[in-house]
Amino acid sequence: MSPVETIVLDDEYNAALSVDKDQVFALDMLRPAAKGYRITGAAFDPAMLRMERYLEYDDGEPRARYLFTALQEGVSDVLIRMVPVAGGDVTTYRQVTVTVGSGGGWFG
């Protein structure tokens, strides 16, 4: 499963991308472990996007990658969530606005 687009979210809180229906895309980021947080999951519209895989890996630094497939046209935010390791409230770590289909967008 090869993504048509990979967005690296190391320095940006917000990002946007456009893909076509049935295309696979990846969101890749540093894991926030050095700042005392851990990723708890992603929130998104399951009618529009299907999460294919979540992978934690080390490439000289701790990283995480989500793979999604676009299921139908529209716009949906993907919110990557995190929580303090010591306990506390869940917050948004990264936000990506995904446009599927002919809705325009940054890369479409």
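Above: the structure in question.
Everything in this summary refers to the structure shown in the same document. (Residues numbered from 1 in each chain as written. Predicted model: local features only at pLDDT ≥ 70, side-chain atom pairs only at ≥ 80, totals over all residues. Heavy atoms only, no water.)

1. A few points about the sheet that holds strand 4 (residues 37-43)
The strands making up a sheet associate through backbone hydrogen bonding, with each pair oriented either parallel or antiparallel. Under the convention used in this document: Two strands qualify as a pair provided DSSP detects at least 2 bridges between them. Under the scheme used here, helices are H or I runs from DSSP no shorter than 4 residues and strands are E runs no shorter than 2 residues, and both carry numbers assigned from the N terminus. Angular values range over 0 to 180 degrees, each being the angle between N-to-C directions of two axes fitted as lines to C-alpha atoms, with helices fitted over their stretch in contact.
Read from one edge to the other, the open sheet built from 4 strands follows the order 2-8-7-4, with strand pairing classed as mixed. Of all the strands in the sheet, the pair left with one neighbour each is strand 2 (14-19) and strand 4. Each strand axis lies, on average, 20° off the axis of its neighbour in the sheet, ignoring direction. Direction of pairing for strand 4 relative to strand 7 (residues 74-84): antiparallel, over a ladder of 6 bridges. Within strand 7, the position partnered with Ala43 by the bridge is Leu79.

2. A few points about the pairing of strand 3 (residues 24-30)
Side chains on a regular strand alternate between the two faces of the sheet. To be explicit about the condition: Whether a residue is buried, partly exposed or exposed follows from its accessible area with a 1.4 Å probe, protein chains only, as a fraction of its type maximum: under 20%, in between, or over 50%, in that order.
Of all 7 residues in strand 3, 6 are buried, a share of seventy percent or more. Two elements, strand 1 (residues 5-8) and strand 3, share 4 bridges in a ladder whose sense is parallel. When the sheet's bridge partners are listed, Ile7 is paired in strand 3 with Leu27. Sheet topology note: the strand 3/strand 6 (residues 62-70) ladder contains 7 bridges and is antiparallel. Bridging across to strand 6, Val24 finds its partner in Thr69.

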